[in-house]
Amino acid sequence: MNLQSQAQSTKQNYGSDPLEVRDTNHYQSEYIHPFVERWDQLIDWDGRAESEGDFFIRTLREHGARKVLDVATGTGFHSVRLLRAGFEVTSADGSPNMLAKAFANARKRDYLLRTAQADWRWLNRDIHDYYDAVICLGNSFTHLHEENDRRKALAEFYATLKHDGILILDQRNYDALLDHRVEPTHNFYYCGENVRATPEHVDESLARFRYEFPDEEVFHLNMFPLRKNYVRRLLREVGFQRVTTYGDFQETYHDSEPDFFIHVAEKR
Ligand code: SAM
């Protein structure tokens, strides 16, 4: 099936053995229309805005960023927040379904998104500009199943940054899951009230999550469980000079187990 028909299908297709699906291109057929339509129920814009506070806005301002490329726009939550805060934003994503939803969400709030459909591995084929910051948020980088794809994507993010630009990239705390420090039933932070997001299977190269909605509709995502220090190492290896990692939006996170890590990688 080509990318367009994958995106238009109404059922996710993981074949006869879903645990075998560990393929970077598969995100196109995971973000099918019905799942994208429910995504905002999952991420709960208001709840999420409250738990994040102004972390990203403050971090961007501290680094003097004005012009931002959101490479994992999804349904537009961060693009809209940043536009509202006065940043100049370009909203990219590899999924046409997500971009269409983001555009509509922004329109409802009186913003016009500048969108670009672009896969991270070939980002600079479609994005011909330089940015103060690239953001890749909402546990998106985990969609890359091969190390080569991760290196390639990070190199593309690096290349579209100005000489003093920053990349902000977040990830779930997979270490806690892999090392059995949290219960699989644990509900993760940006999750709407009636939605259950639980890891159905976790091994060193697959985290398969199940998303259950109130109408009993169920979707899945097969992701690569990124260890925190591995991502930090990759960021340095592609050339970022300094990487600061926050746990749940705080610099000191030793006391409790954070749900999310946020890496701020500086080019200069
Ligand atoms: N940032 C949004 C949020 O926080 O709600 C969306 C997060 S969603 C988990 C991941 C997004 O990354 C999806 O919109 C998906 O289409 C996009 N994505 C995954 N792999 C990609 C790739 N290789 N190139 C471009 N976009 C990709």
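For the structure itself, look to the data block above.
Chemist: Sorry if this is basic, but what is going on with the site of the ligand here?
Modeler: Taken together, 21 residues lie around the ligand, and Arg48, Ala72, Asp93, Trp120 and Leu137 are the ones closest in. Note that a nitrogen atom of the ligand is positioned 3.4 Å from one of the side-chain N or O atoms of Tyr27. Between the ligand and the protein, one listed contact pairs a nitrogen atom with a backbone N or O atom of Leu137 at 2.9 Å. In isolation the ligand offers 600 Å² of accessible surface; the protein chains occlude 98% of this area. Of the residues assigned to the shell around the ligand, the class counts are ten nonpolar, eight polar and three charged.

Chemist: How do you make sense of the environment of Asp46 when you look at a structure like this?
Modeler: Mapping Asp46 onto the fold places it in helix H4 (residues 45–52). Sequence spacing of Asp46 and Gln12 is 34 residues, and the spatial spacing of their C-alpha atoms is 28 Å.

Chemist: Which parts of the structure should I look at to understand the sheet that holds strand E3 (residues 115–117)?
Modeler: Sheet strands pair by backbone hydrogen bonding; their relative direction is either parallel or antiparallel. Within the open sheet, the seven strands sit side by side as E3-E2-E1-E4-E5-E10-E9. Their pairing is mixed. Looking along the sheet, the strands with just one partner apiece sit at the ends: E3 and strand E9 (242–247). For this sheet the average axis-to-axis angle between neighbouring strands, irrespective of direction, equals 20 degrees. For strand E5 (residues 161–172) and strand E10 (residues 260–266), the ladder comprises seven bridges, and the chain directions are antiparallel. Bridge pairing links Leu169 to His263 in E10. This element, helix H7 (residues 96–108), spans strand E2 (88–93) and E3 of the sheet and lies at about 170 degrees to E3. Against the sheet, helix H11 (residues 228–237) makes contact with E5, E9 and E10, and its axis sits at roughly 155 degrees relative to E9, the strand it touches most.

Chemist: Teacher, can you tell me more about the pairing of E5 here?
Modeler: Regular strands show a simple pattern: their side chains alternate between the two faces of the sheet. Along E5, nine of the twelve residues are buried, which leaves the element largely enclosed by surrounding structure. Examined bridge by bridge, strand E4 (residues 131–136) and E5 share five bridges and lie parallel to one another. When the bridges of E5 are listed, Val134 appears paired with Leu167. With helix H9 (residues 147–159) bridging E4 and its parallel neighbour E5, the resulting β-α-β unit is right-handed.

Chemist: Could you clarify how one ought to interpret H4 in this entry?
Modeler: Because an α-helix packs 3.6 residues into every turn, residues spaced three or four apart end up facing the same way. Taken together, the buried positions of H4 are occupied by Trp45, Arg48 and Glu52. What you see down the axis of H4 is that its buried residues fit within an arc of 65 degrees, all on one side. When the buried face of H4 is taken as reference, the exposed residues oriented beyond 90 degrees from it are Asp46 and Glu50. Those residues of H4 that are buried lie in contact with helix H3 (33–43), helix H5 (55–62), helix H6 (77–84) and H7. Just past H4, the residue Gly53 takes up positive phi, approximately 60 degrees.

Chemist: Is there a simple way to explain the packing of H4 against H6 in this structure?
Modeler: Two quantities define a packed helix pair, namely the angle between the axes and the distance from one axis to the other. One can describe the packing of H4 onto H6 by two numbers: an axis separation of 12 Å at closest approach and a directional angle of 65 degrees. Pair H4 / H6 crosses with right-handed handedness. Of the residues in H6, those touching H4 at Trp45, Arg48, Ala49 and Glu52 are Phe77, His78, Val80 and Arg81. Residues that form the contact of H4 with H6 fall into these classes: four nonpolar, one polar and three charged.

What counts, and where the lines are drawn
- Residues numbered from 1 in each chain as written.
- Predicted model: local features only at pLDDT ≥ 70, side-chain atom pairs only at ≥ 80, totals over all residues.
- Heavy atoms only, no water.
- Near = heavy atom within 4 Å.
- Polar contact = N/O pair within 3.5 Å; in protein donor to acceptor, adjacent residues only side chain to side chain.
- Areas by Shrake-Rupley, 256 points an atom, 1.4 Å probe, with all protein chains shown as cover.
- Nonpolar A, V, L, I, M, F, W, Y, C, P; charged D, E, K, R; others polar.
- Helix = DSSP H or I, 4+ residues; strand = E, 2+ residues; numbered from the N terminus.
- Pairing = 2+ DSSP bridges.
- Axes fitted to C-alpha atoms, helices over the stretch in contact; angles between N-to-C directions.
- Contact = heavy atoms within 4.5 Å.
- Buried < 20%, exposed > 50% of the residue type's maximum accessible area, 1.4 Å probe, protein only.
- Right-handed = clockwise from strand over helix to strand, strands pointing away.
- Arc of directions from axis to C-beta.
- Left-handed = near helix turned anticlockwise from the far one by under 90°.

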